[in-house]
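# Structural characterization, general
Spelled out, the chains give:
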Amino acid sequence: MYGWRARIGHIYPAVVAETFMSDFFRMVPEGVTLAMSFLSIEILKKEDLERSLGQMDKAADFLKQRNVDVITIGGAPMVRHLGPGADQQLIERIQKQTGIPTTTSQTAALDAFRELGLKRIVVASPYHDDQNERVRAFLEGSGYAVAGIRGLKKNIVEIHDIPLATAYRHIRETFLAHPGDGIYVPCAHFTAPHIETLEAELGVPVVSSTIATVWQALKILNVRALIQGEGRLLRSLAPTPA
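Residues numbered from 1 in each chain as written. Predicted model: local features only at pLDDT ≥ 70, side-chain atom pairs only at ≥ 80, totals over all residues. Heavy atoms only, no water.

### Quick notes on the pairing of strand β7 (residues 182-185)
- Because side chains alternate across β7, one face comprises the buried residues Gly182 and Tyr184, and the other comprises Ile183 and Val185, equally buried.
- Pairing between strand β5 (residues 120-125) and β7: 3 bridges, direction parallel. Looking at the pairing, Val122 lines up with Ile183 of β7.
- As defined by bridge partners, β7 adjoins strand β8 (residues 206-208) across 3 bridges and the pair is classed as parallel. Of the residues in β8, the one forming a bridge with Ile183 is Val206.
- Handedness of the β7-helix α10 (residues 195-202)-β8 crossover: right-handed. (Buried < 20%, exposed > 50% of the residue type's maximum accessible area, 1.4 Å probe, protein only. Helix = DSSP H or I, 4+ residues; strand = E, 2+ residues; numbered from the N terminus. Pairing = 2+ DSSP bridges. Right-handed = clockwise from strand over helix to strand, strands pointing away.)

Shown next, in the form of structure tokens:
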């Protein structure tokens with residue numbers, strides 16, 4: 001039976017998903033599966049974000065019909081567009097509508113920072129400067145200092161094609177230029193590769209959007225498993241020895 005251990009429903013913001021699914025199934029333990037519904041973000045502009053926000057209730061209803069155990073909402077640019085606190089409002093709205101525990105990728109990232117004791121965040125993004133400033137404003141408005149932020153200045157349709165070597169070097173070089181006590185890699189399109197190597201070399205946790213989302217979904221459902229190779233946050237889900 002698919003999802004005998006946990007069935008995670010995910011609202012994906014863009015019209016096409018590729019890297020998220022590959023990263024998700026690499027991270028989750030056996031018995032955890034994924035059901036997805038999609039919005040329609042093509043470009044990170046106000047009209048695009050607001051149209052997709054208007055599609056959220058219908059997307060959540062599709063997942064409710066699949067009887068998923070938890071709903072995770074991607075599309076942090078939509079949440080950041082509305083400002084700090086908007087994630088909690090969205091969570092309350094979808095939980096009331098569906099009766100299913102819900103979180104957002106941005107909420108998961110903030111909770112991951114708290115779990116890891118991070119206060120000064122270094123952001124390595126795929127975004128242009130306008131979106132980077134929205135990331136900065138949201139994090140600072142949520143009580144975190146941003147030690148530095150750098151983007152690769154890619155459009156949505158280009159992010160899937162960023163080579164893993166480019167992503168790795170971007171994350172590493174961003175931290176070396178702006179040291180902090182943890183690294184945040186936003187955007188589920190954008191794979192953060194070689195997490196264990198980065199954490200060993202830089203000496204700080206690395207939290208990507210997908211890592212945070214998977215971690216919080218499994219935590220909500222009390223799924224405990226030893227997840228190796230994906231960094232400190234997911235290792236924190238290891239069962240406590242008897």
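Read on, since the account is not over.
### Quick notes on the sheet that holds β8
- Read from one edge of the open sheet, 4 strands run β6-β5-β7-β8, paired in parallel fashion. The outermost strands of the open sheet, each flanked by one partner alone, are β6 (145-151) and β8. Neighbour to neighbour, the strand axes of the sheet diverge by 20° on average, direction disregarded.
- Its contacts with the sheet place helix α7 (residues 129-141) against β5, β6 and β7, and it is angled at close to 165° to β6.
- The strands that helix α9 (residues 164-177) touches are β5, β6 and β7; relative to β5, the one it contacts most, it runs at about 145°. (Axes fitted to C-alpha atoms, helices over the stretch in contact; angles between N-to-C directions. Contact = heavy atoms within 4.5 Å.)

### Regarding the pattern of salt bridges
- Tallied over the entire structure, the rule returns 9 salt bridges.
- A salt bridge links Asp57 to Arg93, with the shortest nitrogen-to-oxygen separation between them at 3.0 Å. With Asp57 in helix α3 (residues 56-65) and Arg93 in helix α5 (residues 86-98), this pair connects stretches of sequence that are 36 residues apart.
- Judged by its relative accessible area of 31%, Asp57 is partly exposed.
- A relative accessible area of 35% means that Arg93 is categorised as partly exposed.
- Put simply, Asp23, Arg26 and Glu230 are held in one network by salt bridges that share partners. (Salt bridge = Lys/Arg side-chain N within 4 Å of Asp/Glu carboxyl O.)

### A short note on the packing of aromatic side chains
- Taken as a whole and assessed by the stated rule, the structure comprises 6 aromatic pairs.
- Between Tyr12 and Phe20, the ring centres sit 5.7 Å apart and the planes meet at 50°, which makes this aromatic pair tilted.
- Exposure remark for Tyr12: the relative accessible area of 1% places this residue in the buried category.
- Among the aromatic side chains, those forming a connected cluster through ring pairs are Tyr12, Phe20, Phe24, Phe25 and Phe38. (Phe/Tyr/Trp six-rings, centres within 6.5 Å; stacked < 30°, edge-to-face > 60°.)

### Concerning the packing of α9 against α10
- At a minimum axis separation of 11 Å, α9 and α10 run at an interaxial angle of 20°. Classified by the angle between their axes, α9 and α10 sit roughly parallel to one another. When you trace α9 past α10, the crossing you get is right-handed. Counted together, Tyr168, Ile171, Arg172, Phe175 and Leu176 of α9 and Thr197, Leu198, Glu201 and Leu202 of α10 form the full contact between these two elements. (Parallel < 35°, antiparallel > 145°, perpendicular 65-115°, else oblique. Left-handed = near helix turned anticlockwise from the far one by under 90°.)

### Topic: α5
- Between its terminal C-alpha atoms α5 stretches 18 Å, which fits the 18 Å expected from 13 residues at 1.5 Å a residue.
- Along α5, the residues classified as buried are Ala86, Asp87, Leu90, Ile91, Ile94 and Thr98. The buried residues of α5 occupy an angular sector of 135° when the element is viewed end-on, so they sit on one face. Set apart from the buried face of α5 by more than 90 degrees, the exposed residues are Gln89, Glu92 and Lys96.
- Structurally, α5 contributes buried residues whose contacts are with α3, β3 (70-73), α4 (76-82), β4 (102-104), α6 (105-116) and α7. (Expected span 1.5 Å × (residues − 1). Arc of directions from axis to C-beta.)

### Observations regarding unusual backbone geometry
- Here the phi dihedral of Lys153 falls at roughly 60°; this positive angle occurs in a residue that is not glycine.
- Mapped onto the elements, Lys153 comes out in the loop between β6 and α8 (156-159).

### A look at the pairing of β3
- Neither face of β3 is exposed, since Val70 and Thr72 on one face and Ile71 and Ile73 on the opposite face are all buried.
- Bridge analysis of strand β1 (residues 6-14) against β3 gives 4 bridges, and the strand direction is parallel. For Ile8, the partnering residue across the bridge sits in β3 and is Val70.

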